[in-house]
Amino acid sequence: MKESFTGKVYLVGAGPGDPELLTVKARALLDRADVVLHDDLVSPEIISLILPQTEIVNVGKRCGLKKITQNEINGQMIALAKRGLQVVRLKSGDPAIFGRLAEETDALEAARIPFEVVPGITAGISAAASLRVSLTDRRSSSRVVIVTGHPATDKEKQDKIEWRDLVRPESTLVIYMPGQNFSHLREELVAAGLASDVPAVLVSQASTPRQQQHCTTVGEVHKLQSVPAPAILLIGRSLERACQRSSVENLSLALDDADLVICSK
Ligand SMILES: C[S@@+](CC[C@H](N)C(=O)[O-])C[C@H]1O[C@@H](n2cnc3c(N)ncnc32)[C@H](O)[C@@H]1O
C-alpha cells in the first residue's frame, strides 16, 4: 500500500460508449490506475477493459447500489488520493459537459489534491458522427448550442431556458437529458420561432451496438416514442441529410419486406 505521498486524481472522459472512442491517454490512465470511480453511464464495454487488479467503484447516482451524494464522491476521491493512490474519476462523454466537473475540481483544489482533466468525446459529437452529419455547415448552420432539457439544480430550474435566445435558423441545438415528453419542448420551440419543418433526430445509446435513431421534425417531435436511455436530441437544418438518408433506408427496408409492390405512373 502506497502511503507516504499524495496521489493524484485524473478526471477522465470515457466517451459515449464505444471503447474504440476512448482516447489513448484515457486508456493508459485506466491501465495505471489503482482505483477507478465511475458513473453509471460509462458503458459496460469500457468497464470490462479495466485490469483485474484495479479497484472499481460505481459512484453513479442512478443505478449505483446506494444513493450517493456529490459530497460523498468528492470525499472518496480526496481520501483515496491522500492514501497515495492514482485515482481515475471516469465520466461518460466529456467530463466538462454536464459532468459536475467544476464541483469536483473545486473540492480537489480546496483539499490541495493534484488533479488533471482528460477530455473525452461528448455524446452530441458522437451522435452527429454516427448520423454522418456535421453540426456546423457554412451554408446553413453557423452555431451549435449545447443545452440540457432537464435542469438538475434549483438554480437551473429557476433560470428557465429562454429558447427565444437560443433558437435561430442557423443554430444546431444539441439537447442533453431531453426527457421523454416532448410536447412542452415542441410548444417552446415553435413559440420561440423555430419552423415546424426543421429536422430533429433522437439518438439513443450513441456509438454502442444498441444505438437507435429516430428522425422527425420540430412540428412532430411530440410524437417520438420513448427510447432506452441515455438519449440525446439534435435539432437543426444540419440534420437534413441524416433524415433524408433515414427515409431512403426505411423505404428500402419496406421494399425488402414487401410481398407485392404496386407502382403507378
Ligand atoms: C449527465 S449527462 C453527461 C454527458 C456527458 N458528460 C457527455 O459529455 O456526453 C447525461 C446525458 O448525456 C447524454 N448521453 C450520454 N451518453 C450518451 C449516449 N451514448 N447516447 C446518447 N446520449 C448520451 C444523454 O442526454 C444523457 O442523459
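Here is what the cut-offs are and how they apply
- Chains are numbered independently. Their residues run from 1 in the order of the written sequence.
- Confidence filtering applies because this is a predicted model: local features only for residues at pLDDT of at least 70, side-chain atom pairs given and counted only at 80 or more, and all residues used for totals across whole chains, interfaces and linings.
- With hydrogens and water excluded, all non-hydrogen atoms of the structure serve as input to the side-chain values.
- Only protein chains enter the accessibility calculation, which uses a 1.4 Å probe; a residue whose area is less than 20% of its type maximum is buried, one above 50% is exposed, and one in between is partly exposed.
- Each helix is a run of DSSP H or I of at least 4 residues and each strand a run of E of at least 2, with the numbering of both proceeding from the N terminus.
- Paired strands, in this sense, are two strands between which DSSP finds at least two bridges.
- For helices, the fitted axis covers only the stretch in contact; all axes are lines through C-alpha atoms, and the angles between them, taken along N-to-C directions, range from 0 to 180 degrees.
- Any two residues whose heavy atoms approach within 4.5 Å are treated as being in contact.
- Here, a salt bridge means any Lys or Arg side-chain nitrogen found within 4 Å of an Asp or Glu carboxyl oxygen.

Asks: Hey, could you go over the pairing of strand S1 (residues 8–13) for me, with residue numbers and the actual values?
Replies: Judged by how many residues are buried, S1 sits mostly within the fold: five of six residues are covered. Pairing of S1 with strand S4 (residues 86–91) involves six bridges; the strand directions are parallel. Bridge pairing in S4 links Leu 11 to Arg 89.

Asks: Explain the sheet that holds strand S6 (residues 143–148) to me, and be specific about the residues and the numbers.
Replies: In any sheet, the strands associate via hydrogen bonds between backbone groups, in a parallel or an antiparallel arrangement. Pairing within the open sheet is mixed, and its five strands lie in the order S6-S7-S10-S8-S9. The open sheet is flanked by S6 and strand S9 (212–217), the only strands paired with a single partner. Taken over all neighbouring pairs, the strand axes of this sheet differ in orientation by 15° on average, direction set aside. One ladder, built from six bridges, connects strand S8 (residues 199–204) with S9; its direction is antiparallel. Among the inter-strand pairings, Ser 204 is bridged to a residue of S9, identified as Gln 212. This element, helix H5 (residues 123–130), spans strand S7 (171–176), S8 and strand S10 (231–235) of the sheet and lies at about 70° to S10.

Asks: For unusual backbone geometry, give the residues involved together with the corresponding values.
Replies: At the junction of Ala 229 and Pro 230, the peptide bond is cis and its omega measures out at -5° in the coordinates. Structurally, Pro 230 is set in the loop between S9 and S10. In the Ramachandran plot, Arg 112 falls in the positive-phi region, its phi being about 55° despite a non-glycine side chain. Mapped onto the fold, Arg 112 is located in the loop between helix H4 (101–110) and strand S5 (115–118). Arg 112 gets classed as exposed once you look at its relative accessible area, which sits at 77%. Positive phi outside glycine occurs at Met 177, with the angle close to 45°. Among the structural elements, Met 177 can be located in the loop between S7 and helix H8 (183–191).

Asks: Outline the sheet that holds strand S2 (residues 35–38), listing residues and values.
Replies: Strand order in the open sheet formed by five strands is S3-S2-S4-S1-S5, and the pairing between neighbours is parallel. For this open sheet the edge positions go to strand S3 (55–58) and S5, each flanked by a neighbour on one side alone. Sheet twist, expressed as the average angle between the axes of neighbouring strands with direction ignored, equals 20°. Across the sheet, helix H1 (residues 24–32) is in contact with S1, S2, S4 and S5; its angle to S1 comes to roughly 140°. The sheet contacts of helix H3 (residues 70–82) involve S1, S2, S3 and S4, and relative to S4 the element is tilted by about 155°.

Asks: So what about the pattern of salt bridges? Which residues, and what values?
Replies: A complete count under the given rule lists twelve salt bridges for this structure. Between Arg 210 and Glu 45 there is a salt bridge, and its shortest N-O distance comes to 3.0 Å. In this pair, Arg 210 is assigned in the loop between S8 and S9 and Glu 45 in helix H2 (residues 44–47), connecting sequence segments 165 residues apart. Of the residues examined, Arg 210 reaches a relative accessible area of 37% and is grouped as partly exposed. Exposure remark for Glu 45: the relative accessible area of 23% places this residue in the partly exposed category. Taking the shortest distance from any N to any O, the salt bridge between Lys 91 and Glu 104 comes out at 3.2 Å. On the criterion of sequence distance, the pair formed by Lys 91 in strand S4 and Glu 104 in helix H4 is long-range, its members being 13 residues apart. Using a relative accessible area of 2% as the deciding quantity, one classes Lys 91 as buried. For Glu 104, a relative accessible area of 0% gives the class buried. Via salt bridges that share partners, Asp 39, Arg 89, Lys 91 and Glu 104 belong to a single interconnected network.

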